[in-house]
Amino acid sequence: MAARPLVAGVLAVQGDVEEHARALERSGARVRLVKTVAALREVDALVVPGGESTTVIKLLDWFGLTEPIVERVRDGLPFWGTCMGMIVAAHDVADMEQKTLDLLDVTVRRNAFGRQVASAEVPLDIPALGAEQFPGVFIRAPWIERAGPAVEVLASYGGHGVFVRQGNVMGTAFHPELTADGRVHDYFVKMATAAQS
Ligand code: GLN
């Protein structure tokens, strides 16, 4: 048992922050919005929501958050990037010169699903969450083009990884915060709570 409730940070410089905050609360976490290095110091976990990765990479530098986030996550801070957040965390981006934080040993392809599933909800098999399929909401989503040996692929769609984990770092190409299904948030809160003790 953790000594106190988990404080989950949600990076709040751009993107669908509120939806993540509400979903994390439903999973039992307290939520702190993170815009400053001081706020980052107070959280037990960090979620980077969906949004626009090129903008957020610039804003992270602007707010002086890039190095502090990298340091804390390399030090074991549980981290989850959804969609744009997974792009930000990736080692690199296929066919693009885009700066990333290199927290997750994957190459992502931005806007990878093309027009058919540019924005769609598709059922995903995610054995780690149980037998029932998970509603995968994709919005101009990336996919995983390459995953290093330390990366566990927890779900795939169309032959590409869309939910990955490497130790304390998790990435989803889809948006669980936009559904009523709390199982990915529960999974993250459980993983982060286990890391607290
Ligand atoms: N297409 C966006 C990007 O490349 C990500 C979209 C999202 O986060 N929903 O940054």
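How each quantity is defined
Residues numbered from 1 in each chain as written. Predicted model: local features only at pLDDT ≥ 70, side-chain atom pairs only at ≥ 80, totals over all residues. Heavy atoms only, no water. Helix = DSSP H or I, 4+ residues; strand = E, 2+ residues; numbered from the N terminus. Contact = heavy atoms within 4.5 Å. 1 Å grid on protein atoms, 1.4 Å probe; cavity = no way out; pocket = protein on both sides within 12 Å on 5 of 7 lines; lining within 4 Å. Points joined across faces, edges and corners; volume = space filled by probe spheres on them. Nonpolar A, V, L, I, M, F, W, Y, C, P; charged D, E, K, R; others polar. Buried < 20%, exposed > 50% of the residue type's maximum accessible area, 1.4 Å probe, protein only. Arc of directions from axis to C-beta.

Here T66 is to be found in helix α4 (residues 66-74). Setting aside chain neighbours within four positions, we find T66 in contact with L60, D61, K99 and L101.

This paragraph deals with the layout of surface pockets. Space inside the largest pocket adds up to approximately 180 Å³. If you trace the largest pocket, you find 15 residues lining it, with G51, C83, M84, I139 and R140 closest to the centre. Class assignment for the residues of the lining of the largest pocket results in six nonpolar, five polar and four charged.

A word on unusual backbone geometry. Positive phi values are uncommon outside glycine, yet C83 reaches one of about 55 degrees. Position of C83 among the secondary structure elements: in the loop between β4 (79-82) and α5 (84-89). With relative accessibility at 5%, the residue C83 sits in the buried group. Of note in the backbone geometry, R140 takes a positive phi value of approximately 45 degrees without being a glycine. As for its placement among the helices and strands, R140 is situated in the loop between β8 (134-139) and β9 (143-147).

Glancing now at α4. Turning to α4, its buried residues are T66, I69, V70 and V73. All buried residues of α4 project into a common sector of 100 degrees when viewed along the axis, lining one side. Exposed residues lying more than 90 degrees from the buried face of α4 are E67 and E71. Lining the buried residues of α4 we find β1 (7-11), α2 (37-41), β3 (45-48), α3 (53-62), β4 and β12 (169-172). G76 occupies a position one or two residues after α4 and carries a positive phi of about 115 degrees.

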